[in-house]
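Tertiary structure, described
In case you want the letters, here they are:
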Amino acid sequence: MFSLTVRRHFMIAHSLPREAFGPAQGLHGATFVAEVTFRRRALNDDAIVLDIGAAGTIIEEVLAGLNYKNLDEHPDFEGKLSTTEALAEYVAKKVAARIKDTDDGRELAGIDVTLRENPDAWAAYSLDITA
């Protein structure tokens, strides 16, 4: 399996209104480093997984919908907790939806999204897109 990872960052505000989240129950900001890994079983005719520039553009487009937004007011998170894990899943599915109809996108086996909140804490979501 081959992979290509592209990183970008984005900033959000949100609250996690449950006792389990302690001080994060209140409105607070977070800056995430998003690492999006594209996986495929074989390289394309250009001997790459995916064009790095194209991958970066797709990621930037997806993250633009989150960057500098208060997720408590974001329609896609209405009635949902915007935990790091939930955000990783959201980003993976949005990236997959944008890339699935491209030539290289049809050959991808999966997309992994890791969101790093700080150097010591991160969450990830893996999406199998072969089915």
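Let me begin by describing the structure that accompanies this report. In this text, all values refer to a predicted model and were calculated from it rather than measured experimentally.

A separate point is the pattern of salt bridges. The final tally for this structure, using the stated rule, is seven salt bridges. One salt bridge connects E61 with R98, and the closest N-O pair in it is separated by 3.1 Å. Note that E61 is positioned in helix α1 (residues 52–64) and R98 in helix α2 (residues 84–99), a separation of 37 residues in sequence. Taken together, the salt bridges that share partners define one network made up of R7, E35 and R116.

Pairing is mixed across the open sheet formed by five strands, whose spatial order is β3-β1-β2-β4-β5. Only two strands of the sheet have a single neighbouring strand rather than two, namely β3 (69–70) and β5 (121–128). Pairing geometry for strand β2 (residues 28–40) and strand β4 (residues 110–118), over seven bridges, is antiparallel. By the bridge assignment for β4, V33 is matched with R116. Those strands touched by α1 are β1 (2–14), β2 and β3, and its axis lies near 20° from that of β1.

Given two aromatic rings, their pairing is described by the distance between the two centres and the angle made by the two planes. According to the stated counting rule, one finds two aromatic pairs in the structure shown. Aromatic pair F77 and Y90: ring centres 4.9 Å apart, planes at 45°, arrangement tilted. On the criterion of sequence distance, the pair formed by F77 in the loop between β3 and α2 and Y90 in helix α2 is long-range, its members being 13 residues apart. Residue classification places F77 among the buried residues on the basis of a relative accessible area of 6%. For Y90, a relative accessible area of 16% translates into the label buried. Over the ring of W122 we find R116; its NZ or CZ atom is 4.4 Å from the centre of that ring.

Position of I48 relative to the elements: it lies in the loop between β2 and α1. A C-alpha to C-alpha distance of 9.5 Å links I48 and D104, two positions 56 residues apart in sequence. Once residues within four sequence positions are removed from consideration, I48 is found in contact with R40 and L43.

Rules of the game
Residues numbered from 1 in each chain as written. Predicted model: local features only at pLDDT ≥ 70, side-chain atom pairs only at ≥ 80, totals over all residues. Heavy atoms only, no water. Salt bridge = Lys/Arg side-chain N within 4 Å of Asp/Glu carboxyl O. Helix = DSSP H or I, 4+ residues; strand = E, 2+ residues; numbered from the N terminus. Pairing = 2+ DSSP bridges. Contact = heavy atoms within 4.5 Å. Axes fitted to C-alpha atoms, helices over the stretch in contact; angles between N-to-C directions. Phe/Tyr/Trp six-rings, centres within 6.5 Å; stacked < 30°, edge-to-face > 60°. Buried < 20%, exposed > 50% of the residue type's maximum accessible area, 1.4 Å probe, protein only. Lys NZ or Arg CZ within 6 Å of the ring centre and 35° of its normal.

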